[in-house]
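# Close look at the chain arrangement
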Amino acid sequence: MSLFVRRVSLGKRAFHDIRTYKEDPRWPGWQVVVGIETHAQIKSRRKLFSETLTSSLNDPPNTHVSPFDAAYPGTLPKVNSKCVDLALRTALALKCRVSRRSSFDRKHYFYPDLPAGYQITQHYSPIATDGTLEIAIAESSPIRVRIKQIQLEQDTAKSTFDPRTSNSYIDLSRAGTGLMEIVSEADMRSPEEAGAYVRTLQSVLRAVGSSDGNMEQGSLRCDVNVSVNRKGDPPGTRCEIKNLNSVKFMMAAITHEVKRQSDFLTANPGLAVPQETRGFDENTFETFRLRSKEDAPDYRYMPDPNLGTLVLSEGRIEEIKQTLPPLPWEIRARLLEKYPTLQGKQQSLDVLLNVDSGREVPFDGENKGGAVQYFERLTHDLLGQLAARQETFSANTLTAEQFGELVDLVQDKTITGTSGKLLLRHMLANPSPRSAKEVASELDLIALDSASSSGSSASSELEELCKAAITALPSEAAAFKAGNKNVLNKIVGYVMKKSRGRADAGAAKNMVEKLIKDDDSS
């Protein structure tokens, strides 16, 4: 073990960043240094500098475009105050120092998806600086990642290439959409730490309502800076991997880049890795060269002459601070304190706290099944069914009381687990204020071993179904008598199908065995 220590200057503050070097068997002798620039689409109905509505994935191309978005001469930008407020919420949640005065710059480059030939951003005077985000990795102490700055900027248009016609097409609907660029310091030391950082950041953005953070839909994209160095040496030359749209791909890109850079340095002692911008191939899981890395002078930054200084009052900042909802780590700590049985389930808790809810997840740990059962049904069954319906948690219409009662019905065997999933699916598709038990009774989902019908007990109904199964499958019954235990599952499956999931599988199995043995003895 050796200690890697460096002194970092942040404006008027300075502190030591001390990370203990830890050998990684994947690349022995090398230390990995990772920083991430995250571009999060602001959850505003209108764009950053125009009154145009923000587009969605399903909108036809070029249907949300104003003259300003298309860079018509004479058009002027006007800052959307809603975007500013949402960026402030993010900055305060990340414990940043909010700038009372910030300004906008023009970043020049000439791509077809940038109509004006420049992007309006906040490179030199961002809205917030010097934040922190604590991330948790399994079986290790929490890691503190510093946030260098948060800046407001406009998104580019979207370009697509049609290989059939060899034509490129530009959709201006996305041009001018508000983004927050959240820039971390290079404080991460592995692909796993980078993945935990992005997932934690997603949960914060969703909790404060500033972005939905959906990487798959393009509303959160990452540029990752990676360098490697020998143990004890200063960080090496960084290479940037652009536009990563999933945590899985980001971690794979870092893994490949570490191997590529360490192989280069091993084969070329005394040389530095060429500084360049790279892409990621999602089919081969490899990075590839795009171009040499640009620095600030390449972009010819200049103050935007059409936008003055953005001035924020202390009153406005304090007002937004008072409206912040509970943050993920606060909710996690409260749940663990109130329900100690959830200890050891931190990773699943992160899944729960990372849902795109726009509101705190209702958690009812007082149900008869207990906190753990409620928690497991919530994270597996409810979130799974919402994902299958392609709905976010904000679309969930179940109350904590309804869901807690549903869990209790399964736990006390009033309904079976299979029926519980069917009941949950029905209640999501047919919202109602009625109790889970009322809906279960209406759908005839009450379990056979706890229901009663006129003139017969629930057990006799189960018995009749088991007798019918044995009669319908005589060869399987004979095979079981001959000692083939595996065929019992087919007979029980017949019972489960005929009961529409109302029969308890264990009770049905015991009943079938008893009936066959009684028949054999007679």
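These remarks concern the structure in this document. Going along each chain's sequence as written, the residues are numbered from 1 onward. In keeping with the predicted nature of the model, local features appear solely for residues at pLDDT of at least 70, side-chain atom pairs appear and are counted solely at 80 or more, and the whole-chain, interface and lining totals rest on all residues. The side-chain numbers reported here are obtained from all heavy atoms of the structure, hydrogens and water having been left aside.

So, on to the overall build of the protein. The helix and strand labels rest on DSSP assignments: H or I over at least four residues marks a helix, E over at least two residues marks a strand, and numbering proceeds from the N terminus. Check the secondary structure of the protein and you find 15 helices and 20 strands. The long-range fraction of contacts in the protein, counting pairs at least 24 apart against all pairs at least 6 apart in sequence, stands at 66%. The Shrake-Rupley method, run with a 1.4 Å probe, gives the accessible areas here. Residue values count only the displayed protein chains as cover. Total accessible area on the protein stands at roughly 25700 Å², and carbon and sulfur atoms take up 51% of it. Whether two residues are in contact is decided by their heavy atoms: any pair within 4.5 Å suffices.

For helices, the fitted line uses only the C-alpha atoms of the stretch in contact; every axis is such a line through C-alpha atoms, and the angle between N-to-C directions lies from 0 to 180 degrees. Here helix α1 (residues 81–93) crosses helix α2 (residues 191–208) at 130°, and the two axes come no closer than 10 Å. Comparing the axis directions of α1 and α2 gives the class oblique. The way α1 lies across α2 gives a crossing that is right-handed. Of α2, the residues touching α1 (which contributes R89, T90 and A93) are V204, L205 and V208. All amino acids are sorted into three groups, where Ala, Val, Leu, Ile, Met, Phe, Trp, Tyr, Cys and Pro are nonpolar, Asp, Glu, Lys and Arg are charged, and the leftover types, Gly among them, are polar. Class assignment of the residues belonging to the contact of α1 with α2 gives a composition of 4 nonpolar, 1 polar and 1 charged. Each angle is binned into one of four classes, with values under 35 degrees roughly parallel, values over 145 roughly antiparallel, values of 65 to 115 roughly perpendicular, and all other values oblique. By definition, turning the near helix anticlockwise from the far helix through less than a right angle yields a left-handed crossing, and turning it clockwise yields a right-handed one.

This part is about the sheet that holds strand β13 (residues 220–230). The 9 strands lie next to each other as β4-β8-β9-β12-β3-β13-β14-β15-β16, forming an open sheet whose pairing is mixed. If you trace the sheet from one side to the other, it starts and ends with β4 (97–98) and β16 (286–292), each paired once. A pair of strands is treated as paired once DSSP finds two or more bridges between them. Bridging between strand β8 (residues 128–135) and strand β9 (residues 143–154) involves 7 bridges; their strand directions are antiparallel. When the sheet's bridge partners are listed, E134 is paired in β9 with R144.

On to the side chain of T90, then. Within the secondary structure, T90 sits in helix α1. To sort residues, take the accessible area from a 1.4 Å probe on protein chains only and compare it with the maximum for the residue type: under 20% means buried, over 50% means exposed, and anything in between is partly exposed. Its relative accessible area of 0% is what places T90 among the buried residues. Among the polar contacts listed, one links the side chain of T90 to the backbone oxygen of L86, at a separation of 3.1 Å. When sequence neighbours within four positions are dropped, the list of residues in contact with T90 reads I150, M180, I182, L205, V208 and S210. The definition of a polar contact used here is a pair of N or O atoms within 3.5 Å, where within protein one atom must be able to donate a hydrogen and the other to accept one, and adjacent residues in sequence count solely through side-chain atom pairs.

Quick look at the sheet that holds strand β7 (residues 118–121) now. The sheet built from 3 strands is open, its strands ordered β7-β6-β17 with antiparallel pairing. Every interior strand has two partners, whereas the edge strands, β7 and β17 (302–303), have only one.

Before going further, it helps to examine unusual backbone geometry. Of note in this structure, N62 is not a glycine but carries a positive phi near 55°. Here N62 is to be found in the loop between β3 (30–41) and α1. A relative accessible area of 39% places N62 in the partly exposed class.

Here the focus is helix α3 (residues 247–267). Every helix has an expected span of 1.5 Å times one less than the residues it contains. Compared with the 30 Å implied by 1.5 Å per residue over 21 residues, the 30 Å span of α3 between its first and last C-alpha is a close match. When we look at burial in α3, the residues that qualify are V247, F249, M250, M251, A252, A253, I254, E257, V258, Q261, S262 and L265. Turning to α3, the residues buried within the fold contact β3, α2, β13, β14 (239–244), β15 (276–281) and β16.

Running from N to C, α1 and helix α5 (residues 314–322) point in directions that differ by 65°, and their axes come no closer than 10 Å. Between α1 and α5, the angle is such that the two are roughly perpendicular. α1 and α5 meet at a crossing whose hand is right-handed. Of the residues in α5, those in contact with S81, V84, D85, L88, R89 and L92 of α1 are R316, I317, I320 and K321.

On to the packing of aromatic side chains. Working definition: rings of Phe, Tyr and Trp (its six-membered ring) pair if their centres are within 6.5 Å, and the pair is stacked with planes under 30 degrees apart, edge-to-face with planes over 60 apart, and tilted otherwise. Considering all chains together, one arrives at 9 aromatic pairs under this definition. Between F49 and F68, the ring centres sit 6.4 Å apart and the planes meet at 70°, which makes this aromatic pair edge-to-face. With F49 in the loop between β3 and α1 and F68 in the loop between β3 and α1, the pair connects residues that are 19 residues apart, well separated along the chain. Residues Y109 and Y299 carry aromatic rings whose centres are separated by 6.0 Å and whose planes lie at 65° to one another, so their mutual orientation is edge-to-face. On the criterion of sequence distance, the pair formed by Y109 in the loop between β6 (105–108) and β7 and Y299 in helix α4 (residues 296–299) is long-range, its members being 190 residues apart. By the burial criterion, Y109 is buried, and Y299 matches it. In textbook terms, an aromatic cluster arises when at least three aromatic residues are bridged by ring pairs, as seen for Y109, Y111, Y124, Y299 and Y301. Just above the ring of W30 sits the side chain of R230; from NZ or CZ to the centre is 3.8 Å. Whether a charge sits over a ring comes down to the Lys NZ or Arg CZ being within 6 Å of the ring centre and within 35 degrees of the ring normal.

Note on soluble globular proteins: their nonpolar side chains tend to be buried together. The biggest cluster of nonpolar side chains holds 70 residues, and the ones touching the most others in it are I36, I127, I150, Y197 and M250. Per element, the largest residue contribution to this core is 9 residues, and it comes from α3. Setting aside residues up to four positions removed in sequence, M250 forms contacts with I36, A194, G195, V198, C222, V224 and L244. Among the nonpolar cores identified, the runner-up in size contains 31 residues, and L336, L349, L378 and A436 belong to it. By nonpolar core we mean a set of buried residues, namely Ala, Val, Leu, Ile, Met, Phe, Trp, Tyr and Cys, connected to one another through side-chain atoms within 4.5 Å.

Turning our eyes to something else, we now look at helix α9 (residues 400–411). Look at α9: 16 Å from first C-alpha to last across 12 residues, which is about the 16 Å you get at 1.5 Å a residue. In terms of burial, α9 is largely enclosed, as 9 of its 12 residues are buried. When α9 is considered as a whole, its buried residues turn out to be A400, Q402, F403, G404, L406, V407, D408, L409 and V410. Of the residues trailing α9, K413 is marked for its positive phi of about 65°.

Bringing the pairing of β6 into the picture now. Where burial is concerned, the two faces of β6 agree: the one with D105 and K107 and the one with R106 and H108 are both buried. Of the pairings in the sheet, the one linking β6 to β17 comprises 2 bridges and is antiparallel in character. For R106, the partnering residue across the bridge sits in β17 and is M302.

This part takes up the side chain of E37. Topologically, E37 is positioned in strand β3. Positive residues here are Lys and Arg, negative ones are Asp and Glu, while His and the chain termini are left out of the count. Salt bridges are identified by distance alone: a Lys or Arg side-chain nitrogen within 4 Å of an Asp or Glu carboxyl oxygen. Buried charge without a salt bridge: E37, with R238 as the nearest opposite-charge side chain at an N-O distance of 5.0 Å. A distance of 3.5 Å separates polar atoms of two side chains, one belonging to E37 and the other to N225. Discounting chain neighbours no more than four positions away, the residues touching E37 are E181, I182, V183, R221, C222, D223, N225 and E240.

What follows concerns the environment of A157. Within the secondary structure, A157 is located in the loop between β9 and β10 (158–162). On the basis of relative accessible area, A157 is assigned to the buried category, the value being 0%. When the C-alpha positions of A157 and I170 are compared, they lie 6.8 Å apart, and in sequence the two are 13 residues distant. With near-sequence residues (within four places) excluded, A157 lies in contact with D113, I170, D171, L172, R174 and A175.

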